[in-house]
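Listed here are the chains, written in short residue letters.
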Amino acid sequence: MSTILECSDLVKDFSSKNGIVRAVDGLSLKIQKGEVYGLVGESGSGKSTLANMITALLSPSSGKILFENQDISRFIKAGFPRKDLLDFRKKAQIIFQDPYESLNPRHKIATIIGEGLKIHKIGADAEERRRLVNEMRTLVALPPDVLDKYPSELSGGQRQRVAIAASMILRPEFVVCDECVSSLDVLIQAQILKLLKEMHKSLKLTYFFISHNLKVVVYMADRIGVMYKGKIVEEKSTEDLLNNPEHPYTKKLLAAADL
């Protein structure tokens, strides 16, 4: 497999009233095309900061992020051609933790799912875009009447399916799932994870799957990185991590998850 994303010596600092806070501290990793790379760590370990950097929503303080051998951190710098950022956005998408906050409450679901099509000028006309939206609605197992509703009229599980559909409508190659099931109850969580697995296979995706829940990461991932205080302290195949954990923090996570 070829490398789709590579981070080298990545650092992200934030200013606070107490000085500089380092959220990501010299982190390096590689994700192979087609795999599910899981990242696990406690809240505050830097996982979401990393997710925002590798989707060009946040600029790193130093280090490099290569997506298909292109330095994506430059895409959000002043003066850089917007087309390059749009091209990257078409290939790399993110599914956020809270589907209610990430969906515009004033727009109907059809508009939310189809927004990316309009931005990227996909579809010859409104009718074709509606057809593409409807295809994606079917793929994420939402009923037809959902398209004419608002986010507030949907359940949490339905909202997350809408968020997934909005991310997948452009048929990206790489999808960051940032705690995307943590706000759901256990039954709905299982349904969404099953859907994500099916879409990974049918759409030939690469996932960067982030969660504080090790059981969820073990279910989804081929390979797992363990993040602690801004660093990846251990990285192994899922099977090897379960059978041969080395770092004390990894052992602590496994014990807490009863794995």
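Just above sits the structure.
Conventions and cut-offs
Here the residue numbers are simple positions, counted from 1 along each chain's written sequence. Thresholds applied to this predicted model are a pLDDT of at least 70 for local features of residues and 80 or more for the giving and counting of side-chain atom pairs; totals over whole chains, interfaces and linings are not thresholded and use all residues. Neither water nor hydrogens contribute to the side-chain values; these are computed over all heavy atoms in the structure. One requirement defines pairing of two strands: DSSP has to find at least two bridges between them. Comment: elements are numbered from the N terminus, with helices defined as DSSP H or I runs of at least four residues and strands as E runs of at least two. Note on definitions: angles span 0 to 180 degrees between N-to-C directions of axes, and those axes are lines fitted to C-alpha atoms, for helices only across the stretch in contact. Any pair of residues with heavy atoms lying within 4.5 Å of one another is described as a contacting pair. Any angle from 65 to 115 degrees is called roughly perpendicular, while one under 35 is roughly parallel, one over 145 is roughly antiparallel, and all others are oblique. Put simply, a crossing is left-handed when the front helix is turned counterclockwise from the back one by less than a right angle, and right-handed when it is turned clockwise. Note that Gly is not counted as nonpolar here; it falls among the polar residues with everything else outside the nonpolar set of Ala, Val, Leu, Ile, Met, Phe, Trp, Tyr, Cys and Pro and the charged set of Asp, Glu, Lys and Arg.

Novice: Can you lay out the pairing of strand 10 (residues 231-237) for me, pointing to particular residues and giving the numbers?
Specialist: Bridging between strand 9 (residues 223-228) and strand 10 involves six bridges; their strand directions are antiparallel. By the bridge assignment for strand 10, Val226 is matched with Glu234. With antiparallel pairing between neighbouring strands as the criterion, strand 9 and strand 10 make up a hairpin whose turn holds two residues, including Lys229 at a positive phi of roughly 50°.

Novice: Summarise the sheet that holds strand 3 (residues 36-40); cite the residues concerned and give the values.
Specialist: Working definition: the strands of a sheet are paired by backbone hydrogen bonds and lie parallel or antiparallel to each other. Spatially, six strands are ordered 6-7-8-3-9-10 in an open sheet, and the strand pairing comes out mixed. Taken across any chain shown, the strands that pair with only one partner, and hence form the sheet edges, are strand 6 (92-95) and strand 10. In this sheet, adjacent strand axes meet at a mean angle of 15° when their direction is disregarded. Against the sheet, helix 2 (residues 82-91) engages strand 6 and strand 7 (174-178), with an angle of about 60° to strand 6. Helix 10 (residues 248-257) rests against strand 3, strand 9 and strand 10 of the sheet, and its axis sits at about 110° to strand 9.

Novice: Give a detailed account of the packing of helix 4 (residues 109-119) against helix 5 (residues 126-139), specifying residues and quantitative values.
Specialist: Running from N to C, helix 4 and helix 5 point in directions that differ by 120°, and their axes come no closer than 9 Å. By the angle between their axes, helix 4 is oblique relative to helix 5. Taken as a pair, helix 4 and helix 5 cross one another with a handedness that is right-handed. Along its contact with helix 4, which presents Ala110, Ile113, Gly114, Leu117 and Lys118, the element helix 5 presents Arg129, Arg130, Leu132 and Val133. Classifying every residue of the contact of helix 4 with helix 5 gives five nonpolar, one polar and three charged.

Novice: Let's hear about unusual backbone geometry: which residues, and what values?
Specialist: Of note, the phi angle at Glu179 is positive, near 55°, even though the residue is not glycine. Along the chain, Glu179 falls in the loop between strand 7 and helix 7 (186-202). Of note, the phi angle at Asp258 is positive, near 60°, even though the residue is not glycine. Positionally, Asp258 belongs in the segment after helix 10.

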